[in-house]
Structures are given as C-alpha cells and as structure tokens.
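This is what each chain is made of:
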Amino acid sequence: MNNYVNNHWRNILIIGAGELGMAVIKGFYAQRESHPEIRLTVLLRPQSASQNAQQRAEQLAQWDIGILTADFNAVSIGELAQLFTPYDAIINCCGFVGGMGTQIKITEAVLLAKVARYFPWQFGVDYDRIGENSGQPVWDEQLAVRSLLRAQQQTQWVIVSTGMFTSFLFEADFGVVNLASRTVHALGDAEFALTLTTPEDIGRLTASLFFHTPAISNEVIYIAGDTLTYTQLTALLGQHFATDFTCQVERITTLKAANINAPHDRYAAYRLAFAREDGVSWPMVNTYNYREGIEVTSVKQWLVQEKMK
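Summary of the structure given here. As the structure is a computational prediction, the values presented were derived from the model and not from experiment. (Residues numbered from 1 in each chain as written. Predicted model: local features only at pLDDT ≥ 70, side-chain atom pairs only at ≥ 80, totals over all residues. Heavy atoms only, no water.)

Let's talk about the sheet that holds strand 12 (residues 226–229)
Taken in spatial order, the three strands make up an open sheet running 7-10-12, and their pairing is mixed. Of all the strands in the sheet, the pair left with one neighbour each is strand 7 (164–165) and strand 12. (Pairing = 2+ DSSP bridges. Helix = DSSP H or I, 4+ residues; strand = E, 2+ residues; numbered from the N terminus.)

Quick notes on the pattern of salt bridges
The tally for this structure, following the rule as stated, stands at four salt bridges. As a salt-bridge pair, Asp-278 and Arg-276 come within 3.2 Å of each other at their nearest N and O atoms. Its relative accessible area of 21% is what places Arg-276 among the partly exposed residues. Connected through shared salt-bridge partners, Asp-128, Arg-146 and Arg-150 make up one network. (Salt bridge = Lys/Arg side-chain N within 4 Å of Asp/Glu carboxyl O. Buried < 20%, exposed > 50% of the residue type's maximum accessible area, 1.4 Å probe, protein only.)

Things to note about the nonpolar core
Formed by 75 residues in total, the largest nonpolar core has its most connected members in Ile-12, Phe-28 and Phe-274. Residues contacting Ile-12, with those up to four places away along its chain left out, are Phe-28, Ile-38, Arg-39, Leu-40, Thr-41, Tyr-87, Ala-89, Ile-91, Phe-210 and Phe-211. In this structure, Val-75, Leu-80, Ile-90 and Ile-106 belong to the second largest nonpolar core, which totals 23 residues. (Core = buried A, V, L, I, M, F, W, Y, C linked by side-chain atoms within 4.5 Å. Contact = heavy atoms within 4.5 Å.)

Quick look at the layout of surface pockets
Considering only enclosed or pocket space, the largest pocket measures out at about 1,100 Å³ in volume. Residue lining of the largest pocket: 43 residues in total, with Gly-95, Phe-96, Trp-121, Phe-165 and Tyr-270 positioned closest to the centre. Those elements giving two or more residues to the lining of the largest pocket turn out to be helix 1 (19–29), strand 2 (39–44), helix 2 (51–62), helix 6 (137–150), strand 7, helix 7 (166–169) and helix 11 (266–273). If you tally residues by element for the lining of the largest pocket, the top one is helix 11, at four residues. Among the residues making up the lining of the largest pocket, the classes are represented as 27 nonpolar, eleven polar and five charged. (1 Å grid on protein atoms, 1.4 Å probe; cavity = no way out; pocket = protein on both sides within 12 Å on 5 of 7 lines; lining within 4 Å. Points joined across faces, edges and corners; volume = space filled by probe spheres on them. Nonpolar A, V, L, I, M, F, W, Y, C, P; charged D, E, K, R; others polar.)

Here's the deal with unusual backbone geometry
Omega for the peptide link from Thr-213 to Pro-214 comes to 0°, which places this bond in the cis form. Looking at where Pro-214 falls in the secondary structure, it is placed in the loop between helix 8 (199–210) and strand 11 (219–222). Positive phi is not limited to glycine here, since Arg-182 has a value of about 55°. Of note, Arg-182 is situated in the loop between strand 8 (177–178) and strand 9 (183–187).

Looking at the packing of aromatic side chains
Here the structure, examined in full by the defined rule, presents 17 aromatic pairs. Taking the centre distance of 5.0 Å and the plane angle of 20° together, the rings of Phe-170 and Trp-302 count as stacked. Here Phe-170 is found in the loop between helix 7 and strand 8, whereas its partner Trp-302 is found in helix 13 (residues 299–305), with 132 residues between them in sequence. Like Trp-302, Phe-170 is buried. Ring geometry for Phe-241 and Phe-245: centres 5.7 Å apart, planes at 35°, overall tilted. Phe-245 carries the same exposure label as Phe-241, and that label is buried. Among the aromatic side chains, those forming a connected cluster through ring pairs are Tyr-127, Trp-139, Phe-168, Phe-174, Tyr-267, Tyr-270 and Phe-274. Lying across the ring of Phe-210, Arg-117 places its NZ or CZ 4.9 Å from the centre. (Phe/Tyr/Trp six-rings, centres within 6.5 Å; stacked < 30°, edge-to-face > 60°. Lys NZ or Arg CZ within 6 Å of the ring centre and 35° of its normal.)

Overview of empty space enclosed by the protein
One way to see where empty space is left: roll a probe the size of a water molecule over the atoms. Tallied over the entire structure, the rule returns one cavity of 30 Å³ or more. What the largest cavity holds in volume is close to 30 Å³. Lining the largest cavity are Leu-169, Leu-194, Leu-196, Leu-228, Thr-229, Tyr-230 and Leu-233. Counting only elements with at least two residues in the lining of the largest cavity, the list comes to strand 10 (193–197), strand 12 and helix 9 (230–241).

With respect to the packing of helix 3 (residues 77–84) against helix 4 (residues 102–112)
Close contact between helix 3 and helix 4 brings their axes to 8 Å; oriented N to C, the two are set at 55°. Of the possible angle classes, the one that applies to helix 3 and helix 4 is oblique. Between helix 3 and helix 4 lies a crossing whose hand is right-handed. Across from Ile-77, Gly-78, Leu-80, Ala-81 and Phe-84 in helix 3, the residues of helix 4 making contact are Lys-105, Ile-106, Glu-108, Ala-109, Val-110 and Leu-112. Tallied by class, the residues present in the contact of helix 3 with helix 4 amount to eight nonpolar, one polar and two charged. (Axes fitted to C-alpha atoms, helices over the stretch in contact; angles between N-to-C directions. Parallel < 35°, antiparallel > 145°, perpendicular 65-115°, else oblique. Left-handed = near helix turned anticlockwise from the far one by under 90°.)

A look at the packing of helix 4 against helix 6
Where helix 4 contacts helix 6, the axes come no closer than 9 Å and their chain directions differ by 15°. The angle between the axes of helix 4 and helix 6 places the two elements in the roughly parallel class. Helix 6 is crossed by helix 4, and the crossing has right-handed handedness. Where helix 4 approaches helix 6, its residues Thr-102, Gln-103, Ile-104, Thr-107, Glu-108 and Leu-111 are matched on the opposing element by Glu-141, Gln-142, Ala-144, Val-145, Leu-148 and Leu-149. Across the contact of helix 4 with helix 6, the residue classes tally to six nonpolar, four polar and two charged.

Next comes the structure, spelled out in structure tokens:
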C-alpha cells in the first residue's frame with residue numbers, strides 16, 4: 001500500500017459537478033486556506049452551451065479549478081486510466097448518470113491507474129447491510145464496486161455513507177411527504193427510519209474526512225444530518241406547519257405490487273427499496289460528524305432554511 005500522508009495527496013480530481021459534485025468542490029475549496037498545497041481539477045462530461053454550464057465554468061475558473069472532459073460511455077477503461085494517472089486522489093461524484101456499469105468502469109480505471117486514494121460514488125445507503133438482490137440493480141453494482149476495492153491493497157479507499165438527500169424526501173414524485181394533504185406515507189412501517197443529509201453537509205464532511213488526521217483509509221464512514229422514524233417525521237412536520245399531519249403506512253406487499261405494475265417507474269422502485277428496517281438509516285451517535293462535534297443540518301433546520309410553509 002502507498003505510504004502517503006495527508007499532505008501528499010495534493011493533486012485531487014473530483015468527478016462530476018452536479019448538485020453533490022459542486023458541494024464537494026466547495027468543501028475542498030474551503031480547505032485551501034489550511035491546505036494551500038492542494039490542486040483541484042474537476043472531470044466533466046463534454047460541456048453543453050447551456051447558461052448553467054457556462055455559469056459553472058465561470059465559477060470553477062474563479063476558484064482556480066482545472067477542468068477535464070470525458071464521456072464515460074465513449075472511452076475505454078484504459079483511456080480513463082490514462083486520464084486518472086496524474087492524480088494522487090479521486091473523489092467520484094458523478095452518480096448514476098452514465099448508466100449501468102459506469103461505477104465499475106470508473107473504479108477499474110482508478111485501480112488500473114494506481115491512484116493512491118479513492119472516494120467512490122457510494123454516497124447513499126449501507127449497501128453491505130442491504131446485500132444483493134435489493135431490487136435496485138445500481139445498488140447491486142455498488143456492492144460490486146466494494147468487492148473490487150476490498151480485493152486489492154494498492155489504492156486506499158474511503159466510503160462515505162450518507163443516507164438520502166434531505167430534499168429528496170420532499171419530492172412529490174417520491175410520494176413520502178404530501179404537503180397538500182398533510183400526510184406522511186411511511187414505507188413499510190411507521191417505526192422504520194431514514195437517514196437524511198444535505199449535499200452541502202456531504203461536501204463539507206467529505207473534505208473533512210479527506211484531511212482528517214490520522215488518515216482514514218479502507219473504511220466505511222457514516223455521516224448524517226438527521227435520522228428520523230416516520231412517526232417522528234410526522235410529528236416534526238405537524239410542529240413546523242402548525243397543523244396535524246397523518247402517518248399512513250404503505251405496506252411492503254402494496255409497494256411490491258406497485259413496483260410490479262409499473263416496472264419502469266423509478267420512484268415506485270425507490271419506495272420499495274427504502275421500505276426496510278435496516279440499511280437505510282443509522283443512529284446519529286454512530287456518525288463521524290457526531291464524534292467530531294461537527295454541526296450539520298437537521299430536517300427541522302432544513303425546513304426553516306428552505307422556507308417551507
């Protein structure tokens with residue numbers, strides 16, 4: 001294994017600049033004051049001419065962050081490895097936009113390039129706990145990525161388990177929180193829980209983990225902005241909106257039937273996948289941010305910040 005110390009991971013590549021990628025970039029950029037030696041580059045899909053893309057490019061230039069472009073579907077593992085070789089560390093924030101197999105392809109390229117340190121795209125649930133055949137093919141792929149990393153000793157890795165994005169819980173299409181009807185649809189059981197974290201907190205905490213002393217390596221680290229049962233969520237929403245909310249349990253048999261009847265509805269698949277007693281939540285006391293005393297955004301605070309009324 002490479003015997004790197006923290007200040008030797010200087011040349012850092014962040015893959016992706018979507019919602020999470022930009023949050024991670026901001027987290028690392030904020031570390032420059034105490035770690036002026038780091039050089040940041042972001043790998044993007046070929047740029048579009050959209051206004052958002054132009055604004056993003058201007059922001060990255062203002063922060064003195066280099067830009068590479070590559071289409072994961074068009075390049076080989078070897079070609080990706082050539083792109084990755086100059087970097088000491090890679091933080092993968094590209095998500096599932098490249099389709100099935102993309103995360104395995106990126107990981108294989110990282111290992112082929114002998115990158116010293118890798119944070120894979122694992123910003124989600126506890127895939128080890130959930131195991132295979134979850135009904136979510138991309139979740140099974142995440143397990144395959146972990147197997148690749150654990151089978152080698154050359155590249156150090158850190159997996160950051162974050163739970164669900166806090167904002168996703170309130171997406172109307174997800175169907176858990178219905179603000180119009182003042183209803184919480186509990187997936188599986190009212191006492192099942194969800195762990196929720198904002199992208200901004202994920203970005204800050206990932207950067208903190210990266211520069212932590214002593215160095216963290218070959219570990220699954222849990223972070224969380226909040227962990228709530230559906231019963232607790234119902235009470236919290238009632239308090240915030242100053243009106244009664246109802247908790248309606250969506251039984252697993254019902255969720256399975258809905259998924260079978262609409263096999264291409266990704267939200268139906270998500271509702272079924274998250275209807276679990278374990279693997280999608282963990283106690284706050286088990287998190288890195290709790291142990292380190294780092295403040296994070298709870299669901300209650302998020303509701304206030306987003307001016308949810």
